[in-house]
Amino acid sequence: MSAPRFWREINQRYNLVGTECGNCGKKYFPIRSVCPECHRESIGKMKKVKFSGNGKVFSYTVIHVGSSMFQMQTPYIMAIIELDEGPRITGQIIDCETKDVKIGMPVESVFRKIGEDGKSGTIYYGYKFRLMK
Amino acid sequence: MRDVAVIGVGVTKFGELWDKSLRGLIVEAGLEAMHDSGVTSKDVDALYGGNMSSGLFVSQEHTAALIGDFAGLASRHIPATRVEDACASGGVALRQGYISVASGIHDVVIVGGVEKMTDVSESLATDALASAGDREWESFLGVTFPGLYAMMARRHMHEYKTTKEQLGAVAVKNHRNGALNPKAQYQKEITLEQVLNAPMVAEPLGLYDCSPISDGAAALILCPLERARKFTDNPVKIIASAQASDTLSLHSRRDICTMDATVAAARNVYRQANKKPKDIDLVEVHDCFTITEIVAIEDLGFVKKGEGGKASEEGLTALNAEISVNPSGGLKSKGHPVGATGVAQAVEVITQLRGEAGKRQVKNARVGMTHNIGGSGATAVIHIFEAI
Ligand SMILES: [Zn+2]
């Protein structure tokens, strides 16, 4: 991923910033400019909201064949997390054994290195998750 | 709207075809379909080519004009349009061809689908396939395409008590059918033990839960039903065509155990065709992974939600059982050259409805369905065909 492409989303990636619809109150991650529930009533009323990063494991997998940026990390855990505020988000679960994760477990977000671009040497940071103690 | 018939089909062998190029594959399938239909290049009015990612797989875009060129059609200057909706590109190309004939804009149309996937390494192919999901908010964070379906499978196991053995039963059944298909990538039966003991790709999905990386192409010739008998003795009518979409990312879906795009398109085709699930004799469903077939037979209404695993394990989806699901061997055994898949599914259904499927023939096949999915379900395209 090119640096500008990454930097455009840095507030979302570093601070878990999404949007809340000013019409119905539903929250979304990543940022949307139109609410899929309210359509045109939501235009101009979508406001930024920062998520706590706390949520529960909705589903998960252990990846054994990774894509090019991740193939050195296998096996690693990927999950869909349901945030306490409502939206679901995809992220890696770290700092535990692959067998420790179960659906429904509470998690918290942590700020970590996501990967690096071997050619340019750029290092990307963002959110991952770990099981709550 | 005019009635539309398929008057010719062609499909290459699927597999790791190192001696064949992208253009070589699709021209082989296209010429076979033209020969089968009896049309000549003078008759052809337009071309629609399904292709997911020739840019990432072979650094070639502008694929439809290339196909027309090497099929010898450049001097006729027909419109040639590439169609891209990830793994549903072929099915959507068929729908575009159907719409253009039904509307009266074109008379004779070639629909092709092609993918050349084995020129790149496995990790680059994994990257290219992951681009069918949300690049910024799924694959960039480390989830692969099998990983998305693995999370669907895990949730299905959690909600409906679906088991690894039930997933495995899908792979065993599709390999049993594929063993009877001379065009299939794997013409070999496998055992449940092999599926369960295979190396993991993305838990709970192992190697035998996943369709392979494949090269291949398929083609169809369409024309108005009223003109079909001028070209061929055995036209097959397209009695319904529908397409639907959903969120690109899996995590944004209402329910990750249901593909709402499939449900929406299915409701539409059953209404158009005035048929019910029990009227369908055979269906080629999009089994890119074993879980995908289980979710598909539920969403298409062949079994109740949550009972797809049990139905597969009990053999209800086997060749000539309750409903013949993937008589071709499906993506799992026949192979999954992504852009070709939707077209190849139609080739199989038409071959079955003509009664020309040899050892894998579904008995008394009159009505057949194709179900083609893009990404993790953001696109679904469904067709119903009837023998006439
Ligand atoms: Zn709203």
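Residues numbered from 1 in each chain as written. Chains lettered and ligands numbered in written order. Predicted model: local features only at pLDDT ≥ 70, side-chain atom pairs only at ≥ 80, totals over all residues. Heavy atoms only, no water.

Side chains of Y14, F111, I123 and Y125 of chain A sit close together on the surface and give an oily, nonpolar patch of about 350 Å² of accessible area. Mapped onto the elements of the fold, I123 of chain A is located in strand 8 (residues 123-131). (Patch = residues over 30% accessible without salt bridge, like charges linked within 9 Å, V, L, I, M, F, W, Y side chains within 5 Å. Areas by Shrake-Rupley, 256 points an atom, 1.4 Å probe, with all protein chains shown as cover. Salt bridge = Lys/Arg side-chain N within 4 Å of Asp/Glu carboxyl O. Helix = DSSP H or I, 4+ residues; strand = E, 2+ residues; numbered from the N terminus.)

This part covers the coordination of the zinc ion. Residues and elements named next belong to chain A. Around the zinc ion, the protein supplies C21 (SG), C24 (SG), C35 (SG) and C38 (SG) as donor atoms, at distances of 2.3 to 2.4 Å. Taken together, the four donor atoms surrounding the zinc ion define angles of 102 to 113° at the centre, an arrangement classified as tetrahedral. Along the chain, the residues donating to the zinc ion are arranged with the sequence spacing C-x2-C-x10-C-x2-C. Taken together, the residues span a long stretch of sequence, with C24 in the loop between strand 1 (17-21) and strand 2 (27-28) and C35 in the loop between strand 2 and strand 3 (46-50) at a distance of eleven residues. Its relative accessible area of 0% is what places C35 among the buried residues. (Donors = N, O, S within 2.8 Å, 3.2 Å for Na, K, Ca; no water. Tetrahedral: all angles 85-135°; square planar, octahedral: opposite > 155°, others 65-115°. Buried < 20%, exposed > 50% of the residue type's maximum accessible area, 1.4 Å probe, protein only.)

Relative to the assigned elements, R155 of chain B resides in helix 6 (residues 145-160). At 2.8 Å, the side chain of R155 of chain B and the backbone oxygen of F58 of chain A are in polar contact. Apart from residues lying up to four places away in sequence, R155 of chain B is in contact with F58, S59 and I103 of chain A together with I256 and C257 of chain B. (Polar contact = N/O pair within 3.5 Å; in protein donor to acceptor, adjacent residues only side chain to side chain. Contact = heavy atoms within 4.5 Å.)

Often, the extent of an interface is quoted as the loss of accessible area upon association of its parts. With 30 residues of chain B at the contact, the number on the chain A side is 35 residues. Summing both sides of the interface, chain B and chain A together bury roughly 3,000 Å²; the carbon and sulfur share of this comes to 59%. Joining chain B to chain A, the criterion identifies one salt bridge. R13 of chain A is the salt-bridge partner of E136 of chain B, the closest N and O atoms lying 3.4 Å from each other. Inspection of the chain B/chain A interface yields 13 residue pairs in polar contact (both at pLDDT 80 or more). The set of elements that each furnish at least two residues to the side of chain B that touches chain A consists of helix 5 (122-130), helix 6 and strand 5 (200-202) of chain B. Considering each element in turn, the side of chain B that touches chain A owes the most residues, six residues, to helix 6 of chain B. The class makeup of the residues in the side of chain B that touches chain A is eleven nonpolar, nine polar and ten charged. (Buried area = accessible area lost by both parts, 1.4 Å probe. Nonpolar A, V, L, I, M, F, W, Y, C, P; charged D, E, K, R; others polar.)

This paragraph deals with the pattern of salt bridges. Residues and elements named next belong to chain A. Using the criterion set out here, one finds 31 salt bridges over all chains in the structure. A salt bridge links E37 to K26; its shortest N-O distance comes to 3.6 Å. Here the residue E37 occupies a position in the loop between strand 2 and strand 3, and K26 occupies one in the loop between strand 1 and strand 2, the gap between them amounting to eleven residues. Each of D95, E108, R112 and R130 takes part in a single network of salt bridges with overlapping partners.

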